[in-house]
Amino acid sequence: MSTSFRTISAGALACALAFTVAVLPACNASDAPVSDSVAAEGQSSATGHMAAGASAQGTWQDGDETVAWASQVERSAIAEISEHVTFGTDGKAERVLHFTQDGALSGYRETRTQTVQQPDRSPAPMTVQISMAFAGDSLTAQRKTVDSAEVPIRPYEIDNIRRHARAIFDHVRTKTPAQR
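Residues numbered from 1 in each chain as written. Predicted model: local features only at pLDDT ≥ 70, side-chain atom pairs only at ≥ 80, totals over all residues. Heavy atoms only, no water.

### Thoughts on unusual backbone geometry
Here is step 1: Here the phi dihedral of Ser-76 falls at roughly 65°; this positive angle occurs in a residue that is not glycine.
Here is step 2: Position of Ser-76 among the secondary structure elements: in the loop between strand E3 (65–74) and strand E4 (77–87).
Here is step 3: Despite not being glycine, Asp-147 has its phi angle at roughly 50°, a positive value.
Here is step 4: For Asp-147, the location among the structural elements is in the loop between strand E8 (138–146) and strand E9 (149–150). (Helix = DSSP H or I, 4+ residues; strand = E, 2+ residues; numbered from the N terminus.)

So, in structure tokens, the structure goes:
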């Protein structure tokens, strides 16, 4: 298999990095997303765990992001959360987060497309792909491409992804049939 790399302009790279900061904002109690709907099957309200094979799904709004999420359960714990995100008028992202039995983030994958506005060119679509693997507190693998060109993942991006993973995990965990 052959891999080719294109160079990306400093402006496009700066735009991509700035966009990452905007898309994965640090989540805290004061700006936590508001849930507008949720559906769950087989979830225990006493533990926050769901029966094996159960799933939940819902939506939430966070600024200009609209997130439709779905979770999958293995051995009574959330194992995976998939997100379909739309933002602004021209952006979308698909995210898949994997968790260990004790709720720690073990994997993250995102494919994001958006229209990039640049002063010297016509608006054009840009695709960003990120994948990461974690073992405990350690990042064991990482890769990021912008329009197929490999670029480094910045420490703040990793921190933002971890914060986002914790926020969505906590959000999904608390969505029980009794809370609808």
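### A word on the confidence of the model for the protein
Here is step 1: When the pLDDT values of the protein are averaged, the result is 75; 67% of them are 70 or greater.
Here is step 2: When the elements of the protein are averaged for pLDDT, helix H1 (residues 10–23) gives the smallest value, 38, and E9 the largest, 98.
Here is step 3: Below a pLDDT of 50 lies the segment residues 1–50, which in the model reaches 104 contacts outside its immediate sequence neighbourhood of four places, other chains included.
Here is step 4: Taken as a whole, residues 176–180 scores under 50 in pLDDT and shows nine contacts with residues more than four places along the chain or in a different chain. (pLDDT = per-residue confidence, 0-100. Contact = heavy atoms within 4.5 Å.)

### Notes on the packing of aromatic side chains
Here is step 1: Inspection of every chain in the model, using the stated rule, returns one aromatic pair.
Here is step 2: Here the aromatic rings of Phe-99 and Phe-169 are separated by 4.8 Å at their centres, their planes lie at 45°, and the arrangement is tilted. Placement of the pair is Phe-99 in strand E5 (residues 91–99) and Phe-169 in helix H2 (residues 155–173), with a sequence separation of 70 residues. Both residues of the pair, Phe-99 and Phe-169, belong to the buried class. (Phe/Tyr/Trp six-rings, centres within 6.5 Å; stacked < 30°, edge-to-face > 60°. Buried < 20%, exposed > 50% of the residue type's maximum accessible area, 1.4 Å probe, protein only.)

### Regarding the nonpolar core
Here is step 1: Judged by nonpolar contacts, the single largest core of 28 residues is most densely connected at Ile-81, Phe-99 and Met-132.
Here is step 2: Of all the secondary structure elements, the ones that give two or more residues to this core are strand E2 (55–62), E3, E4, E5, strand E6 (105–118), strand E7 (121–135) and H2.
Here is step 3: In terms of residue count, H2 provides more of this core than any other element does, six residues in total.
Here is step 4: Apart from the residues within four sequence positions on either side, Ile-81 is in contact with Trp-69, Ala-70, Ser-71, Arg-95, Val-96, Leu-97, Phe-99, Ile-168, Phe-169 and Val-172. (Core = buried A, V, L, I, M, F, W, Y, C linked by side-chain atoms within 4.5 Å.)

### A short note on H2
Here is step 1: Between its first and last C-alpha, H2 extends 27 Å over 19 residues, near the 27 Å set by a 1.5 Å rise per residue.
Here is step 2: The complete set of buried residues in H2 reads Glu-157, Ile-158, Asn-160, Ile-161, His-164, Ala-165, Ala-167, Ile-168, Phe-169, His-171 and Val-172. (Expected span 1.5 Å × (residues − 1).)

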